Amino acid sequence: MNGVNQYPRWLGVLVATAATGLLVAGVAAAQATNDLPDDVRALEALVGQWMGLRAEMATEQRVWNQRREQWAAELALLEREAETLGREISRGSGLASSVEQEHRRLLARQEALLRIQDQLRPALDRAEAELRAWHAQIPDPLGEELADAFRALPRTQAEADKMPLTRRARAIAALYARIESLQNTVHVTQQMLETAGGTRRQVEVLYIGLSRGFAVTPDNAWAAVGVPGDNGWAWTPAHEAAPAIRAAIAIANRQQTARMVTLPMQVAGEAQP
C-alpha cells in the first residue's frame, strides 16, 4: 500500500522536474533570441510560484515533524504523570480507608470510656463519702499533714460534678495512700487532751496506726486508752497502764532497747471525751 501510494507522487515529481527543465531551457532559448511571448512569461511566473510553494511545503513539513516529535514527548510525559497520579490516588484511597477505620475504632473507644465514666462516678462518690468519714477518726496531730489532701476533695455533690473525674480519682488515691501509711505506722505525739470535768492535760500519746492511742502524762500519774469514733477520739482512763505506756513510748523513740510491752487494747468503763 505504501509503495502504491508513493509511486504516483514520485512519478509526478519526476515529470514536474522534467517539465521544469524543458521550460527553463525553452525560456533560455527564447531569451537568447530576445523573443519571449506573453504565454511563456506567464508560464515562467507560474513555475516560480510553484517552486516557492514547494519550498514552503518542505519548510512546513520540517516544522510539522519537529512539532510531532515534541508533542509525542509531551504526550509520553503526560501518560507517565497520569500513571503516577493514579498510583497516588490509589494510595490515598487506601489511606482514607485506614483513617476511616481508625476513626471508627476511636469512636468505639470513646463510647467505652463514656460508659466507664458513668460507672466510675458512683464509685468516686462513695469513696469521697468514706474518706470524709475518716477525717474525724484521724487524731489532730496526725491530721495536720493530711489537711491539704482532704481539702482536695469536693465539698458538695455539685462541686464534685464540676470536677474532672481524673482529678477526683487522683485526689482519692493520694488520700487513701496517706491514710494507709498512717494505719501501718506507730506515731508518738505530744498534745492536749480534755478529760472529765473539763480538765485539760498535757500528754504524750503513742498511736498504733489509727486503731488505738495510749496517752500518759509526763509524771505517769494519769494514763488513758483512746479509740476512734464518728465524733473523734474517745479516751478511757487506764492509770495502771501508765508505766507500760511510758515504756512503749521510750522504745518507739529509741530511748530504750526493744522489748515486749503489754498494752491494754480494750479498757472497761465509760470513755471520757
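See the structure above.
Residues numbered from 1 in each chain as written. Predicted model: local features only at pLDDT ≥ 70, side-chain atom pairs only at ≥ 80, totals over all residues. Heavy atoms only, no water.

Draft legend 1. Examining the overall build of the protein chain more closely. A tally of helices and strands in the protein chain yields 7 helices and 5 strands. Counting over 273 residues, the protein chain shows a buried share of 25%. Partitioning the intrachain contacts of the protein chain with sequence separation of at least 6 by distance along the chain shows that 46% fall at a separation of at least 24. Carbon and sulfur atoms make up 56% of the accessible area of the protein chain, which amounts to about 19,000 Å² in all. (Helix = DSSP H or I, 4+ residues; strand = E, 2+ residues; numbered from the N terminus. Buried < 20%, exposed > 50% of the residue type's maximum accessible area, 1.4 Å probe, protein only. Contact = heavy atoms within 4.5 Å. Areas by Shrake-Rupley, 256 points an atom, 1.4 Å probe, with all protein chains shown as cover.)

Draft legend 2. The side chain of His187, seen in detail. Examined against the element boundaries, His187 turns out to sit in strand 1 (residues 186–194). Relative accessible area serves as the criterion here: at 16%, His187 is assigned to the buried category. Dropping the residues within four chain positions of it, His187 is found in contact with Leu142, Leu182, Val205, Leu206 and Tyr207.

Draft legend 3. Fine view of helix 6 (residues 165–183). Taking 1.5 Å as the rise per residue, helix 6 with 19 residues should run 27 Å; its terminal C-alpha atoms sit 27 Å apart, in good agreement. Along helix 6, the residues classified as buried are Leu165, Arg168, Ala171, Ile172, Leu175, Ile179 and Leu182. Around the axis of helix 6, the buried residues are gathered within 130° of arc, so they sit on the same side. Set apart from the buried face of helix 6 by more than 90 degrees, the exposed residues are Thr166, Arg170 and Glu180. (Expected span 1.5 Å × (residues − 1). Arc of directions from axis to C-beta.)

Draft legend 4. Region of the structure containing the layout of surface pockets. Volume-wise, the largest pocket comes out at about 230 Å³. As for the largest pocket, its lining consists of 14 residues, of which Asp140, Gln191, Leu193, Trp233 and Trp235 are closest to the centre. Among the elements that make up the lining of the largest pocket, the one with the highest residue count is strand 1 (4 residues). (1 Å grid on protein atoms, 1.4 Å probe; cavity = no way out; pocket = protein on both sides within 12 Å on 5 of 7 lines; lining within 4 Å. Points joined across faces, edges and corners; volume = space filled by probe spheres on them.)

Draft legend 5. Structural view of the side chain of Glu204. Examined against the element boundaries, Glu204 turns out to sit in strand 2 (residues 200–208). A polar side-chain atom of Glu204 sits 2.5 Å from a polar atom in the side chain of Arg246. (Polar contact = N/O pair within 3.5 Å; in protein donor to acceptor, adjacent residues only side chain to side chain.)

Draft legend 6. Looking closely at the nonpolar core. In this structure, Ile138, Phe150, Leu153, Leu175, Ile179, Ala215 and Trp235 are the most contacted members of the largest nonpolar core, which totals 25 residues. Looking at which element gives the most residues to this core, the answer is helix 6, with 6 residues. Contacts of Ile179, omitting those with residues within four sequence positions, involve Leu131, Trp134, Ile138, Leu146, Phe150 and Leu210. Within the second largest apolar cluster, 13 residues are counted, among which are Phe214, Val216, Ala223 and Ala238. (Core = buried A, V, L, I, M, F, W, Y, C linked by side-chain atoms within 4.5 Å.)

Draft legend 7. Seen up close, the pattern of salt bridges. Summed over all chains, the structure comprises 6 salt bridges. Arg105 is paired through a salt bridge with Glu102; the nearest N and O atoms lie 2.6 Å apart. In this pair, Arg105 and Glu102 are both assigned in helix 2 (residues 38–135), 3 residues apart and thus about one turn of the helix distant. As a salt-bridge pair, Glu159 and Arg155 come within 3.4 Å of each other at their nearest N and O atoms. Looking at Glu159, the relative accessible area reads 27%, which means it is partly exposed. (Salt bridge = Lys/Arg side-chain N within 4 Å of Asp/Glu carboxyl O.)

Draft legend 8. Structural view of the pairing of strand 5 (residues 232–237). When strand 4 (residues 223–229) meets strand 5, the two strands line up antiparallel, connected through 6 bridges. Counterpart to Gly229 in the pairing with strand 5 is Gly232. (Pairing = 2+ DSSP bridges.)

Draft legend 9. Region of the structure containing unusual backbone geometry. The phi dihedral of Asn220 is positive, around 60°, even though this residue is not glycine. Relative to the helices and strands, Asn220 resides in the loop between strand 3 (212–216) and strand 4.

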